[in-house]
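If you want the building blocks of each chain, they are given just below.
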Amino acid sequence: MSAAASHRSRTTLIQVCNSLISTTHFTLLPKPPIIIQCSHFTKTSHSSTKNYDPLNDFSPFKHSHNEETVINPIERRLLVLGLGKIVKTYQGCFVLNKFSHEFCPFLLVKIMKLFGNRECAFAFFKLVFRDESENIVRACCVACHVLAMQGFRIVAQDVLAWMMWRIGVCRGEEVVEVMWRGHFGYESDFSVLDSVMRAFVKVDMHSQALEVLGRMRRVGVQPCLSALSGLFRLLIRVGDYGSVWKLFRDMVKEGPRPSSITFNVLIHGFCKKGEIQTGESLLYLMSKFYCEADVYTYNILINAYCIRGQTLNSLSWVHLMVESGCTPSTATFSTIINALSKEGNIVEARSVFDQMQDMGVSPNTIVYNALMDGFVKAREIDQATMLFEEMRNNNVKADGVTFNILVAGFYKYGKDENVDHLLRDLSMPDLLPDYSLPDVSVARLCWVGRPDEATELVEDMLKKGLPLTVIAFNSIISAYSKQGLEKKAFDAYHTMIKYGVTPSFSTCNSLLMCLSRNGKLQEAEELMWYMREREFSVNRVALTVLIDGYFKIGDVTGAQRLWHYMNNNNTAADAIAFSAFIDGLSKAGLVEEAYSVFLAMKNKGLVPNNFAYNSLIAGFCNGWKLNEALKLEKEMRQRGLLPDLFTNNIIINGYCKQGRMKAAINMFMDMHNIGLVPDIVTYNTLISGYCKGFDMVNADNLVYKMYNSGWDPDITTYNIRIHGFCGSRRVNRAVLVFNELLSCGVIPNTVTYNTMLNAICNDILDRAMILTAKLLKLAFVPNIVTTNLLLSHLRKQGLPERTLMWGHHLKQICHEFDEITCKILEQAERDVKEDVVYLRGMSGKSLFLDFLMYLTYDYLYRNRVYGETDISAIRMLDDGSSKPLEATTHVYQQSMLEVNK
């Protein structure tokens, strides 16, 4: 090649790299004036289309496939930077130019070596391997031989694995034969067969890997221990246990002899599958093969028992570990502390934390985070804050997880001002490692409700090549999930996968929580099974989220099904899962079953927290078993748990349900003595108790006391008082309270409307019409309770036929009936059949009730029409179906004029 041609080639390559670098917001290479004068550059800039990508110029297959299908943005950036360095040299420009015109295995190897980096070299191969024809596959096999010969066997294995994955299982044997026939003169028998076997293992082709292993045995080549360990992992993961034990027997007979690493791989694989007993047996078998269990062996078993919720067994393994002369590591203690914290046994977790330091093992960030999270979940936020100060004093750096744990606790327990203090602390030098700064910045925006800005920040950081961990993405996904923004949460997840960030437990849990919040339990469960099949991180928290979601939509059977699955498939429930299940059963009225689960929780060694006790106490109170609830409250105190505000409110409500107002007031007074401040729920509960007993004097006195304590009545307070006055037939006072509600700026809800409407139906006609006009001005929104009370009043007024007529109209518009509606309509039908004496004419009061029923029907009908597709509305207009409504409206207007007269 002439000097002029070489110069043009180098100039063109520099132009392409500069174009790439400009798209990634970097300026690594200068742009000399000569480049601007180049005709190729001018042509490219003018002829470039929207789909043009400069990376295509480096591939001999420029029009095959877009490289975005095979390389992720991180690999793309590495390629840009690597190519930018290569084109600075004459040799690099020459090789790249030659290769871009013709696929040559030797030139490919030279280019991959010029990158000087395994990741860059592999990314370049993924970019250029776009033709899967037989000739190109053979050329790639030659490149693998050359790489292995020159000492780049790992890169050769990457290339082989990618080829296998692209061409598929059917052509795998073809690659094996090509590699075997062409390896002479390049690499040894062991080298080529070992590389091929490792490549099959990388792409999960275990049958093909076993065939290559068989060939190794037949030609007298002994496989490598590390390669066999990878094969063991794959076989256990796919569940081919027969091949696992056959492979183990072959190792014993023909070599290589199993090592401690081999046993650790086997123990870890079986424990991950839930076969802990098999893992234990393998540990005891190690000594027969002159292998000693090390700290990794014990840690695997300890972690397996902790995952299954058998923390006591894991502690016995720690003692056995120490007795055998093996010193526990930081990972040993972090596993146990994390398990104890999740079980709610925070006292024991702190004790283990102190013991590890006495043994000379220093806690790291992971250990501090585990204990800190336990304190937050146990509602001991002050202890968590003190632990953070201890962490700082011991010069242990915090990370994004530390930040999220503390901020979650501060916001949950009303210590918002501590968040600013935490941010100031983390901004100090050497307190937060550099790699955690982006994670904390993203998490901070998410916590203040600005996930969109956090997403923009992440995208900007990724473009600039700043390091981001799974913590940043989890913060965004969690923020969107809490807001119910399902699409944005999954968009963040796809971005995370696109940039090669592996999902964690929290990722899956946040996505499931998002679907559950939106009522998509079926989709959430399908997602969980999908992620489990692909071995993504799914743990008991995911199942707990789904169980809680099923309870919230009233599907007790679905929740119980998942609960049984959790306990029968080596996913042991922890304290949080037990608490959620107990709470759901208690709210569903299955308090006896909830108590059985509660006893099982204690028998398992888990420590119930305030939430579990409060859920069960509420269940007993709602089931009119106050004595059982009081026993549990006493048990709480005996176990060192102080009944909180929720506990007291629940028991006060239990007393009020039974009409024991004196006992309720005594408990109310005791709250002040133990330092608990009654809240609006406390006052509303007591006011409701007095109103149910028609003791409106004491109810009003409590309202005044509530004002003096600094609490303003809310909509619930007003609804309780209005209902109390209406129930005691003092509609005038109810109207005064209703007017007070409006003057205070409190917005009435459907309960307010229905309560007033019920009073209107029982009141004299003139005042009823005035109140109706006021409700209509406030945009009254009816619901099933509204239809039930109007149908009931119509029947009581002696109009069963009208009751059945309106029931028929409501059914035609698919208005949902509940059990009460069905009973009212059945009674009306029975009145008609039994020929009960009822009014044949329409009195003023009856006509007024009928008019209210029409208004309710009209709203529900129109809401149904506009709630569906536009086609329904267009059809109604086209076929003139609105005429009957107009006619009906005219009739009622005339009727009301008559009533007014």
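Residues numbered from 1 in each chain as written. Predicted model: local features only at pLDDT ≥ 70, side-chain atom pairs only at ≥ 80, totals over all residues. Heavy atoms only, no water.

Student: Is there a simple way to think about the overall build of the protein chain in this case?
Tutor: Within the protein chain, the regular secondary structure consists of 50 helices and 0 strands. Expressed as a percentage of the 901 residues in the protein chain, the buried residues total 50%. Sequence-distant contacts in the protein chain: of pairs separated by 6 or more residues, those separated by 24 or more amount to 65%. Total accessible area on the protein chain is roughly 43800 Å²; 54% of this is exposed by carbon and sulfur atoms. (Helix = DSSP H or I, 4+ residues; strand = E, 2+ residues; numbered from the N terminus. Buried < 20%, exposed > 50% of the residue type's maximum accessible area, 1.4 Å probe, protein only. Contact = heavy atoms within 4.5 Å. Areas by Shrake-Rupley, 256 points an atom, 1.4 Å probe, with all protein chains shown as cover.)

Student: Explain the environment of threonine 455 to me, please; I cannot follow it from the model alone.
Tutor: Relative to the helices and strands, threonine 455 is located in helix α26 (residues 451–463). Linking threonine 455 and alanine 472, residues 17 residues apart in sequence, is a C-alpha distance of 9.4 Å. Excluding its chain neighbours within four sequence positions, the residues that come into contact with threonine 455 are Ile476 and Tyr480.

Student: Looking at this model, I keep getting lost on the side chain of threonine 685. Mind explaining?
Tutor: Structurally, threonine 685 is set in helix α39 (residues 680–692). A residue is classified by how much of its surface remains accessible, and threonine 685, at 13% relative accessible area, is buried. When near neighbours in sequence (up to four residues on either side) are disregarded, threonine 685 contacts Asn649, Ile652, Asn653 and Cys656.

Student: Looking at this structure, I do not really get the packing of helix α33 (residues 575–587) against helix α35 (residues 610–622). What am I missing?
Tutor: Helix-helix packing is characterised by the crossing angle of the two axes and by the distance between the axes. Two numbers describe how α33 lies on α35: the axes approach to 8 Å, and their chain directions differ by 15°. Judged by the angle between their axes, α33 and α35 are roughly parallel. At the point where α33 passes α35, the crossing takes the left-handed sense. Residues Ser579, Ala580, Ile582, Asp583 and Ser586 of α33 touch α35, and the partners they reach there are Phe611, Ala612, Ser615, Leu616 and Gly619. A breakdown of the residues in the contact of α33 with α35 according to their chemical character gives 5 nonpolar, 4 polar and 1 charged. (Axes fitted to C-alpha atoms, helices over the stretch in contact; angles between N-to-C directions. Parallel < 35°, antiparallel > 145°, perpendicular 65-115°, else oblique. Left-handed = near helix turned anticlockwise from the far one by under 90°. Nonpolar A, V, L, I, M, F, W, Y, C, P; charged D, E, K, R; others polar.)

Student: Teacher, can you tell me more about the side chain of glutamate 635 here?
Tutor: When you line up the elements, glutamate 635 lands in helix α36 (residues 626–638). In terms of polar contacts, glutamate 635 uses its side chain to reach the side chain of tyrosine 613, at 2.8 Å. (Polar contact = N/O pair within 3.5 Å; in protein donor to acceptor, adjacent residues only side chain to side chain.)

Student: Would you mind going over the confidence of the model for the protein chain with me for this structure?
Tutor: Predicted coordinates in areas of low pLDDT are best not read in detail. Taken over all residues, the pLDDT of the protein chain has a mean of 81, while the share at 70 or more is 85%. Predicted confidence is poor over residues 1–50, with pLDDT under 50, and the contacts of this stretch with residues over four places away or in other chains come to 66 contacts. Low pLDDT, under 50, characterises residues 865–901; the stretch is placed with 24 contacts to residues that sit more than four places away or in other chains. (pLDDT = per-residue confidence, 0-100.)

Student: I tried to follow helix α34 (residues 591–603) on my own but got confused; where do I start?
Tutor: An α-helix turns once every 3.6 residues. As a result, residues three or four positions apart point the same way. If you check α34, its first and last C-alpha atoms are 18 Å apart, about what 13 residues at 1.5 Å a residue would give, namely 18 Å. Of the residues flanking the end of α34, it is glycine 605, one or two places downstream, whose phi is positive at about 90°. (Expected span 1.5 Å × (residues − 1).)

Student: Help me understand the pattern of salt bridges in this model?
Tutor: Once the charged atoms of two side chains with opposite charge are near each other, the side chains can pair. A full pass over the atoms with the stated rule returns 34 salt bridges. Arginine 350 is paired through a salt bridge with glutamate 390; the nearest N and O atoms lie 3.4 Å apart. In this pair, arginine 350 is assigned in helix α20 (residues 346–358) and glutamate 390 in helix α22 (residues 381–393), connecting sequence segments 40 residues apart. What emerges from the salt-bridge pattern is a single network uniting Arg118, Asp158 and Lys202. (Salt bridge = Lys/Arg side-chain N within 4 Å of Asp/Glu carboxyl O.)

Student: When you look at the packing of helix α23 (residues 400–412) against helix α25 (residues 437–447) in this model, what are you seeing that I'm missing?
Tutor: At a minimum axis distance of 9 Å, the contact between α23 and α25 shows a crossing angle of 20°. Judged by the angle between their axes, α23 and α25 are roughly parallel. The crossing of α23 and α25 is right-handed. From α23, Gly400, Phe403, Asn404, Val407, Ala408 and Tyr411 reach across to α25, where they touch Val440, Ala443, Arg444 and Trp447.

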